[in-house]
Amino acid sequence: AQKITQTQPGMFVQEKEAVTLDCTYDTSDQSYGLFWYKQPSSGEMIFLIYQGSYDEQNATEGRYSLNFQKARKSANLVISASQLGDSAMYFCAMRGSVFSRGGKLIFGQGTELSVKP
Amino acid sequence: KAGVTQTPRYLIKTRGQQVTLSCSPISGHRSVSWYQQTPGQGLQFLFEYFSETQRNKGNFPGRFSGRQFSNSRSEMNVSTLELGDSALYLCASSLGRELADTQYFGPGTRLTVL
């Protein structure tokens with residue numbers, strides 16, 4: 001079975017500092033994708049970054065980077081230079097091969113990030 | 001390019017009623033997935049449609065059903081509503097062909113069952 005674990009229910013970070021949100025996963029698939037989404041209080045899920053299981057380089061998208069450690073089955077999100085607008089819930093999600101699992105995303109429980117001025 | 005739209009945004013129903021939610025995907029996307037989000041259970045996958053066919057289904061009772069039309073728009077129906085069906089229902093669209101195809105979410109429909 002596939003599973004995503006986010007062990008930090010809530011985190012605080014000072015504005016302009018970097019923060020790491022943890023995500024570990026479990027899957028028997030050889031090919032899989034890992035996604036991070038941000039959900040502000042408005043409710044809409046915003047895609048942040050993607051990492052494929054066969055990607056050799058860690059993904060980066062602007063201030064977001066993904067620290068992917070395949071052997072440890074972890075895919076931590078790093079946000080550099082935090083901004084007040086980064087305050088939101090952050091979800092780690094995984095998807096197996098499209099052929100066997102279609103578009104089904106498995107989500108973790110989320111981490112609520114609060115950025116302090 | 002217009003994003004994913006969901007209607008209605010808010011719904012209040014009573015137990016035993018049925019409800020239909022609608023989702024219009026991003027133009028060109030053939031996959032639409034539905035998720036239920038509650039404080040207790042988090043985000044749970046309901047089902048996915050690709051080119052009018054249900055491609056995957058989560059562990060929800062048969063009261064939850066869906067369909068997809070030829071223009072990729074999708075509807076989700078919940079019959080005989082229960083209090084526990086109160087949730088934020090999110091739909092997401094993607095190209096649906098490859099692992100890296102990102103799912104883009106709509107703003108959600110917040111359903112309250114009284």
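Residues numbered from 1 in each chain as written. Chains lettered and ligands numbered in written order. Predicted model: local features only at pLDDT ≥ 70, side-chain atom pairs only at ≥ 80, totals over all residues. Heavy atoms only, no water.

**Re the overall build of chain B**
In step 1: Within chain B, the regular secondary structure consists of zero helices and eleven strands.
In step 2: Its C-alpha radius of gyration of 13 Å places chain B within 12% of the 13 Å reference for a compact globule of 114 residues.
In step 3: With respect to the three principal axes, the spread of C-alpha positions in chain B is 40 × 25 × 25 Å.
In step 4: A separation of at least 24 residues holds for 55% of the contacts in chain B among residues at least 6 apart in sequence.
In step 5: Accessible surface, chain B as shown: approximately 5300 Å² in total, 48% of it carbon and sulfur.
In step 6: For chain B, the centre of its 12 positive side-chain charges and the centre of its 7 negative side-chain charges are spaced 5 Å apart. (Helix = DSSP H or I, 4+ residues; strand = E, 2+ residues; numbered from the N terminus. Rg over C-alpha atoms; globule rule 2.2 N^0.38 Å. Contact = heavy atoms within 4.5 Å. Areas by Shrake-Rupley, 256 points an atom, 1.4 Å probe, with all protein chains shown as cover. Lys, Arg positive; Asp, Glu negative; His and termini not counted. Charge placed at Lys NZ, Arg CZ, Asp CG, Glu CD.)

**As for the state of the cysteines**
In step 1: Tallied over the full model, the rule gives two disulfides over all chains.
In step 2: The disulfide partner of C23(A) is C92(A), and the gap between their sulfur atoms is 2.0 Å. Judged by the torsion about the S-S bond (-60°), the C23(A)/C92(A) disulfide is left-handed. Placement of C23(A) in the loop between β3 (19-21) and β4 (24-26) and of C92(A) in strand β10 (residues 88-95) is noted, with a sequence separation of 69 residues between them.
In step 3: On the basis of relative accessible area, C23(A) is assigned to the buried category, the value being 1%.
In step 4: Here C23(B) pairs with C91(B) through a disulfide, and the sulfurs are 1.9 Å apart. (Disulfide = S-S within 2.5 Å. Buried < 20%, exposed > 50% of the residue type's maximum accessible area, 1.4 Å probe, protein only.)

**Things to note about the sheet that holds strand β1 (residues 5-7) of chain B**
Across a sheet, strands are paired by hydrogen bonds formed along the backbone, either parallel or antiparallel in direction.
Residue and element names in this part refer to chain B.
In step 1: In spatial order, the strands read β1-β3-β8-β7; together these four strands make up an open sheet with antiparallel pairing. Strands at the two margins of the open sheet, each flanked by one partner only, are β1 and β7 (64-68). Put simply, the sheet's adjacent strands are angled 20° from each other on average, direction ignored.
In step 2: Pairing of β1 with strand β3 (residues 19-24), which is carried by three bridges, proceeds in the antiparallel orientation. Directly across from T5, in β3, lies its bridge partner S24. (Pairing = 2+ DSSP bridges. Axes fitted to C-alpha atoms, helices over the stretch in contact; angles between N-to-C directions.)

**Details of the interface of chain B and chain A**
In step 1: Each partner contributes residues to the interface: chain B has 25 residues there, and chain A has 23 residues.
In step 2: Applying the counting rule to chain B against chain A returns zero salt bridges.
In step 3: Here chain B and chain A share six residue pairs in polar contact (both at pLDDT 80 or more) between them.
In step 4: The set of elements that each furnish at least two residues to the side of chain B that touches chain A consists of β4 (31-38), β5 (42-50), β6 (53-57), β9 (87-94) and β10 (104-105) of chain B.
In step 5: Here the side of chain B that touches chain A gets four residues from one element, more than from any other, and that element is β5(B).
In step 6: For the side of chain B that touches chain A, a count of residues per class yields ten nonpolar, ten polar and five charged. (Salt bridge = Lys/Arg side-chain N within 4 Å of Asp/Glu carboxyl O. Polar contact = N/O pair within 3.5 Å; in protein donor to acceptor, adjacent residues only side chain to side chain. Nonpolar A, V, L, I, M, F, W, Y, C, P; charged D, E, K, R; others polar.)

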